[in-house]
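Residues per chain, in single letters:
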Amino acid sequence: MMKKIIFFASCFCLLAFSAADDPYRFFTWYVTYGDIWPLGVKQQGILINGQFPGPQIQAVTNDNLIINVHNYLREPFLISWNGLLQRRNSWQDGVYGTNCPIPPKGNSTYILQVKDQIGSYFYFPSLALHKAAGGFGGIRILSRPRIPVPFDPPAGDFTLLVGDWYKANHYDLKRTLDNGYTLPFPDGLLINGRGWNGNTFTVDQGKTYRFRISNVGLTTCINIRFQGHAMKLVEVEGSHTVQNNYYALDICMGQSYSVLVTANQPPRDYYIATSTRFTAQVLTTTAILHYRNSLGRPIGAPPGGPTTQIDWSLNQARSIRWNLTASGPRPNPQGSYHYGLINTVRTIRLANSWGIINGKQRFAVNSASFSPPDTPMKLADYYKIGGVFSVGSIPDYPTFGGMCLQASVMAANFRDYVEIIFENYENAAQSWHIDGYSFWVVGMDGGQWSPESRKGYNLRDAVSRCTVQVYPRSWTAVYLPLDNVGMWNIRSEDWARQYLGQQFYLRVFSPANSWRDEYPIPKNALLCGRASGRKTRPL
Ligand SMILES: *[C@@H]1O[C@H](CO)[C@@H](O)[C@H](O)[C@H]1NC(C)=O
Ligand SMILES: *[C@@H]1O[C@H](CO)[C@@H](O)[C@H](O)[C@H]1NC(C)=O
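Residues numbered from 1 in each chain as written. Chains lettered and ligands numbered in written order. Predicted model: local features only at pLDDT ≥ 70, side-chain atom pairs only at ≥ 80, totals over all residues. Heavy atoms only, no water.

## A short note on the overall build of the chain
Here is the rule we go by: Only DSSP runs of H or I reaching four residues or more are called helices, and only runs of E reaching two or more are called strands; each is numbered from the N terminus. Atoms counted for the radius of gyration: C-alpha only. Globule rule: 2.2 Å times residue count to the power 0.38. Relative accessible area decides the class of each residue, using a 1.4 Å probe on protein chains only: under 20% of the type maximum gives buried, over 50% gives exposed, and in between gives partly exposed.
When you go through the chain residue by residue, the secondary structure sums to 5 helices and 34 strands. Scaling as 2.2 N^0.38, a compact globule of 539 residues should have a C-alpha radius of gyration of about 24 Å, and the chain matches this with 22 Å. Considering only C-alpha atoms, the chain reaches an extent of 65 × 60 × 50 Å along its principal axes. Counting over 539 residues, the chain shows a buried share of 62%.

And the structure:
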């Protein structure tokens, strides 16, 4: 008890300038190895407080989250937050470019505020291939009391962390990549850490339930179905959507969706089926939707996924729209809800590419293959340590030239409103994530993007989200308000590609150097590399 009070007191001054009247939620997490059997064979899992998947974070808009992470692995470790906006605060992002890894037996305290944010997200371990061993968990941010939500409170709220899975140890997967090879096809799909029929979700007939579904897998998009039941889509990464019904929903790597499912069928058990999407071989797994008054097991086979290729998915993606009349915190660039009426000042086209460097398989963005420097770039920037990275080391357009290894950082101005086109020239589906931001998905189509493509943009009711899919041989366009100063990771959510270089950092810069624009370095920041031994901030 005493310890907690002292800790609270010591961090209070750090938080005093943020909304100190908003509630604090304290978490202490112990990260360890432990045995898990997700596909029936024993594996070394990464557990948080003994759990796989890790504990769920439940918060309310504007809550402060103080998360003390103790690393009991044998190697450095970091946790990152898929979708938490962390305004003015890339110091807490938990990726290699912003934070020193937590050393073995060490600990580090994340100080986050879920400011003006609602929705469904997840956290995950960001270093090496740790994500292949667990260490991830759900995050839900509820609206504040009295803020209306555009649907009745559900009778239950379930989290489904779905993803592909390997029986191999994460060290072996990492070694495969380090040796220049690509990963094999995954061995299975998991829902909440379990395989075939490993989970049962119990419902009462006639009631409606919310399912928050995130793809926490490494390399494949998935599709999900509830046998005999519609999924009414209500939320996508913080945006309340137009409430359409779907019977099969694509969810690519790193994406999160909330659906409402009404138990309106004869009382029995039904399959919740999920399968890999855009893969030659299709993996499937199931869970059970169990009516409390069930008369028996599911009838028939689990419902199959879509067999058509990208047109079906493009149509579905375009049908996902923002509910303009629903309340809730929403992005608000330059004081306007009319994201489509604001002129963009810069167009950035990002193309994934692959190639061989030094005899090994690598991936890149606009031919720059990210290679982590000896010091996190955010620290090098803060302490003005030269030679760690150079801004402008990645071009705004694809060069289609030879790939090179570098600590890629792109410069950007605070408050610019930019258009980003993600271009995919490959046959595999891609998924891209931008830390610290959400962006409007204004367009998506097959083939190659051109300025003409802008005529088809949705400038009215596109959803704002943090992770977007790019279908095979297709493009996706987003509008991004650069309202968050910091060093922000833009990455492939395909974890092998991310690890082998398909990522970079966007340095969103304000010359003002004011706490209003960006928080100063936390006094508890871990220092490493060429920043070792520097001072953080005085108390
Ligand atoms: C590590 O944990 C201890 C208490 O468990 C806490 O007092 C200390 O501030 C933590 N260190 C960091 C860097 O967060
Ligand atoms: C949008 O939200 C409003 C307000 O809560 C709700 O009444 C309406 O049904 C929603 N519209 C659609 C199309 O989902």
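Back to the write-up after that little detour.
## A few points about the UniProt feature "domain: Plastocyanin-like" (unreviewed entry) in the chain
The line we're drawing: UniProt positions are given in the numbering used here, feature names are shortened, and annotations may be inferred rather than shown by experiment.
Here the UniProt-annotated "domain: Plastocyanin-like" (unreviewed entry) positions come out as residues 31–144, 157–293 and 375–509. Structurally, residues 31–144 comprises 0% helix and 42% strand, and the distance from its first C-alpha atom to its last is 31 Å. Taken end to end, residues 157–293 has its terminal C-alpha atoms 19 Å apart, with 7% of it in helix and 50% in strand.

## A look at the nonpolar core
Where we set the bar: Only buried residues count toward a nonpolar core. Its members are Ala, Val, Leu, Ile, Met, Phe, Trp, Tyr and Cys residues joined through side-chain atoms within 4.5 Å. An automatic or database domain assignment provides the domain bounds reported here.
In terms of nonpolar packing, the biggest core is built from 44 residues, with Leu-160, Phe-211, Ile-224, Leu-249 and Ile-272 touching the most fellow members. Both domain 2 (156–319) and domain 3 (334–531) contribute no fewer than three residues apiece to this core. Listed in part, the 37 residues of the second largest apolar core include Ala-368, Val-418, Ile-420 and Val-470.

## Re the site of ligand 1
Note the following rule: Note on terminology: near, applied to a residue and a molecule or strand, indicates that one of the residue's heavy atoms is within 4 Å of it. Side-chain atoms alone can form a polar contact between residues adjacent in sequence; in general such a contact is a pair of N or O atoms within 3.5 Å, and within protein one must be able to donate a hydrogen while the other accepts it. Accessibility throughout is a Shrake-Rupley quantity obtained with a 1.4 Å probe, and a residue counts as covered only by protein chains that appear here.
Around ligand 1, the neighbouring residues are Asn-68, His-70, Asn-107, Ser-108, Thr-109 and Asn-524. Asn-107 is positioned with one of its side-chain polar atoms (N or O) 2.3 Å from an oxygen atom of ligand 1. Here an oxygen atom of ligand 1 and a side-chain polar atom of Thr-109 are 2.5 Å apart. Taking 360 Å² as the accessible area of ligand 1 by itself, protein coverage stands at 63%.

## Here we look at the pattern of salt bridges
Put simply, the rule is: Salt bridges are counted wherever a side-chain nitrogen of Lys or Arg sits within 4 Å of a carboxyl oxygen of Asp or Glu.
Here the structure, examined in full by the defined rule, presents 25 salt bridges. Measuring nitrogen to oxygen at the nearest pair gives 2.6 Å for the salt bridge that ties Arg-292 to Asp-204. Of this pair, Arg-292 sits in the loop between β20 (284–291) and α3 (310–319) while Asp-204 sits in the loop between β11 (200–203) and β12 (208–215), placing them 88 residues apart in sequence. Classification of Arg-292 as exposed rests on a relative accessible area of 55%. The class of Asp-204 is partly exposed, set by a relative accessible area of 24%. As a salt-bridge pair, Asp-461 and Arg-460 come within 3.6 Å of each other at their nearest N and O atoms. For Asp-461, a relative accessible area of 8% corresponds to the buried category. Connected through shared salt-bridge partners, Arg-140, Asp-157 and Arg-212 make up one network.

## Some points on the state of the cysteines
Where we set the bar: Any two cysteine sulfur atoms within 2.5 Å of one another count as a disulfide.
A full pass over the atoms with the stated rule returns 2 disulfides. Two residues share a disulfide in this structure: Cys-100 and Cys-528, whose sulfurs sit 2.2 Å from each other. Since a negative S-S torsion denotes a left-handed disulfide, the Cys-100-Cys-528 link at about -85° is left-handed. Of this pair, Cys-100 sits in the loop between β5 (79–82) and β6 (107–113) while Cys-528 sits in the segment after β34 (503–509), and the two are 428 residues apart along the sequence. Assigned by exposure class, Cys-100 and Cys-528 land together as buried. Disulfide pairing places Cys-221 opposite Cys-252 at an S-S distance of 2.0 Å. Of note, the bridge from Cys-221 to Cys-252 carries an S-S torsion of about 95° and is right-handed in sense. Of the two residues, Cys-221 is situated in strand β13 (residues 221–226) and Cys-252 in the loop between β17 (249–251) and β18 (256–262); the sequence distance between them amounts to 31 residues.

## Some points on the sheet that holds strand β28 (residues 430–434)
Hydrogen bonds between backbone groups are what pair the strands of a sheet, and the pairing can be parallel or antiparallel. We apply this condition: Only strands joined by at least two bridges in the DSSP assignment are considered to pair.
On the basis of which strands lie adjacent, the open sheet formed by 6 strands has the order β24-β26-β34-β33-β28-β31 and mixed pairing. Because the sheet does not close on itself, it has two edges, and the strands there are β24 (390–391) and β31 (467–470). Across 5 bridges, strand β26 (residues 408–413) lies against β34 in parallel orientation. Counterpart to Ala-412 in the pairing with β34 is Val-508.

## Topic: the side chain of Ser-474
Heads up, the rule is: Note on contacts: a residue pair is in contact if any heavy atoms of the two residues lie within 4.5 Å.
Its place among the elements puts Ser-474 in strand β32 (residues 474–481). For Ser-474, a relative accessible area of 2% puts it in the buried group. What Ser-474 contacts, discounting residues up to four positions off in sequence, is Ile-310, Phe-422, Glu-423, Asn-424, Asp-445, Gly-446 and Gly-447.

## A look at the sheet that holds strand β7 (residues 119–125)
Rule in force here: What counts as an axis is a line fitted to C-alpha atoms, over the stretch in contact for a helix, and the angles between N-to-C directions run from 0 to 180 degrees.
What the 4 strands build is an open sheet, ordered β3-β8-β7-β5; its pairing is mixed. Taken across any chain shown, the strands that pair with only one partner, and hence form the sheet edges, are β3 (57–60) and β5. Mean inter-strand twist for the sheet, computed between neighbouring axes without regard to direction, equals 25°. Here β3 pairs with strand β8 (residues 137–142) via 4 bridges, running parallel. Bridge pairing links Val-60 to Leu-142 in β8.

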